[in-house]
Amino acid sequence: MDPTVLRPSVLMATTNERLLDDLLRLAAAASITPLVERDLHGLRRSWLNYPLVIVGDDLVAGLARTTPVRRTGVVLAGSGSVSDELYRHAFDVGAEAVFRLPADEVALSGRLVDTLDGRSRSAVTLAFVGGCGGAGATTMAAAVALSGNRRGLRTMLIDGDPLGGGIELALGIERDPGQRWPELLSAAGRVSAAALRSALPTANGLPVLSWDRSDVTALPPETMRSVLNAAQCSNDLVVLDLPRRPDPAVEEAFVRATATLLVVPCDIRSLAAAKRLVGPLAEVAGDLRVIARSSRRQAIPAAEAAAHLSLPLATVVADERDLPVAMDQGRFDPNPRGSLARAAGTLLDLFL
């Protein structure tokens, strides 16, 4: 898939084939080809990526239970009468209107036409995951977050891997005051967006949520959901460093990401390991792309590596000789002219 190709402007999600036929007819009349999801999983995966989301009344109750991140451009559609329960669910998911077909066809058609005039935006959330151990996903995530912060974007960096090396160590803020994940474990829908930014330690003005040295090695999905809701409401850019191992909290993060970037060294063993991840990641990541990490010893060109994984190539990053020592000493500050900074800039230009 060419990453420059525009997505459809409308997402439609329902298990009701009769309702879907009516929605597709209205979309065709508006010269719109929508993306169609036929289950809750697909709806959640694509939730942030389309200016207009039309949710069937058959899926809204399940969607409401997941506490989706608030966004504009959400409407409900269905047939029959409107119940108080449906309106409660509409409120819970942040829907702006409820359309009953066929009575409200004209109004819904107008809403579809309106999407052609412009696209709404949600906070961009980029998830980074290594295709194998030591791939450099943490390094790439930190570089993108720092680059976004320097561009003047309200940015937050979130370390979602309790067993990783720790972003704080590389940034030199492991002893700085501020909250870490274990202090947020009781969060379930009660995290203030403004309070979250102000409570975290910062690296050159960049808020960072990471781990302390406690024995906590997993998060409840409700905590991840609440924290990401707050982060996405209070920032222009949220950067996630995520582990390869799946669990419900990590799945929440992948589902809520605008795009997932799989960092893969361009050698045979790394590609073999990454290949095993692509299928499971594609189940939860709505937009999955490759960052190819090259070196002087690389055996496979970046384009061929991406083609082997059947994924679009987002960018290429080369190894920088002095970077590992700088990270070990808490002096992570990529050279603005280096490969890492250039790759980070490419990603920001691609998604922002």
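A.B. asks: Summarise empty space enclosed by the protein; cite the residues concerned and give the values.
C.D. replies: Here the structure, examined in full by the defined rule, presents two cavities of 30 Å³ or more. Taken as a whole, the largest cavity holds about 80 Å³ of empty space. Lining the largest cavity, in full, are Arg44, Trp47, Leu48, Leu63, Thr66, Pro68, Val69, Val255 and Arg256. Looking at the second largest cavity, its volume works out to about 50 Å³. Together, Gly160, Pro162, Trp211, Thr217, Ala218, Leu219, Met224, Pro243, Arg245, Asp247, Ala249 and Val250 line the second largest cavity. Here the residues of the lining of the second largest cavity are counted per class, giving eight nonpolar, two polar and two charged.

A.B. asks: How would you explain helix α6 (residues 137-150) if you had to name every residue and give the values?
C.D. replies: Here α6 contains 14 residues, and its C-alpha end-to-end distance of 20 Å stays within 8% of the 20 Å for a straight helix at 1.5 Å per residue. Along α6, 12 of the 14 residues are buried, which leaves the element largely enclosed by surrounding structure. Glycine 152 occupies a position one or two residues after α6 and carries a positive phi of about 90 degrees.

A.B. asks: Tell me about the environment of arginine 65, and name the residues and values.
C.D. replies: Mapped onto the fold, arginine 65 is located in helix α3 (residues 60-65). Take arginine 65: its relative accessible area is 63%, and that puts it in the exposed class. Sequence-wise, arginine 65 and proline 243 are 178 residues apart; in three dimensions their C-alpha atoms are separated by 25 Å.

A.B. asks: Help me get a handle on helix α10 (residues 248-256), residues and values and all.
C.D. replies: Of all nine residues in α10, seven are buried, a share of seventy percent or more. Of all the residues in α10, the buried ones are Ala249, Val250, Glu252, Ala253, Phe254, Val255 and Arg256. Of the surrounding secondary structure, the elements contacted by the buried residues of α10 are α2 (40-45), β6 (124-130), α9 (221-234), β10 (237-241), β11 (259-265) and α11 (268-284).

A.B. asks: How would you sum up the side chain of arginine 180? Please name residues and give values.
C.D. replies: Inspection of the secondary structure assignment puts arginine 180 in the loop between α7 (167-171) and α8 (193-199). Since its relative accessible area comes to 7%, arginine 180 is described here as buried. Polar side-chain contacts of arginine 180 include one of 2.8 Å to the backbone oxygen of glycine 178. Excluding anything up to four places from it in sequence, arginine 180 contacts Glu168, Ile173, Glu174, Pro201, Leu209, Ser210, Trp211 and Asp212.

A.B. asks: Help me get a handle on unusual backbone geometry, residues and values and all.
C.D. replies: Note that the residue after leucine 101, namely proline 102, is joined by a cis bond; omega there is 10 degrees. Mapping proline 102 onto the fold places it in the loop between β5 (97-101) and α5 (105-114). Phi at serine 31 takes a positive value of approximately 60 degrees, unusual for a residue other than glycine. Positionally, serine 31 belongs in the loop between α1 (17-29) and β2 (35-37). On the accessibility criterion, serine 31 (66% relative accessible area) is exposed. The phi angle at asparagine 204 is positive, at roughly 55 degrees, despite the residue not being glycine. Relative to the assigned elements, asparagine 204 resides in the loop between β8 (202-203) and β9 (206-209).

How each quantity is defined
- Residues numbered from 1 in each chain as written.
- Predicted model: local features only at pLDDT ≥ 70, side-chain atom pairs only at ≥ 80, totals over all residues.
- Heavy atoms only, no water.
- 1 Å grid on protein atoms, 1.4 Å probe; cavity = no way out; pocket = protein on both sides within 12 Å on 5 of 7 lines; lining within 4 Å.
- Points joined across faces, edges and corners; volume = space filled by probe spheres on them.
- Nonpolar A, V, L, I, M, F, W, Y, C, P; charged D, E, K, R; others polar.
- Helix = DSSP H or I, 4+ residues; strand = E, 2+ residues; numbered from the N terminus.
- Expected span 1.5 Å × (residues − 1).
- Buried < 20%, exposed > 50% of the residue type's maximum accessible area, 1.4 Å probe, protein only.
- Contact = heavy atoms within 4.5 Å.
- Polar contact = N/O pair within 3.5 Å; in protein donor to acceptor, adjacent residues only side chain to side chain.

These values are about where atoms sit, not about what they do.
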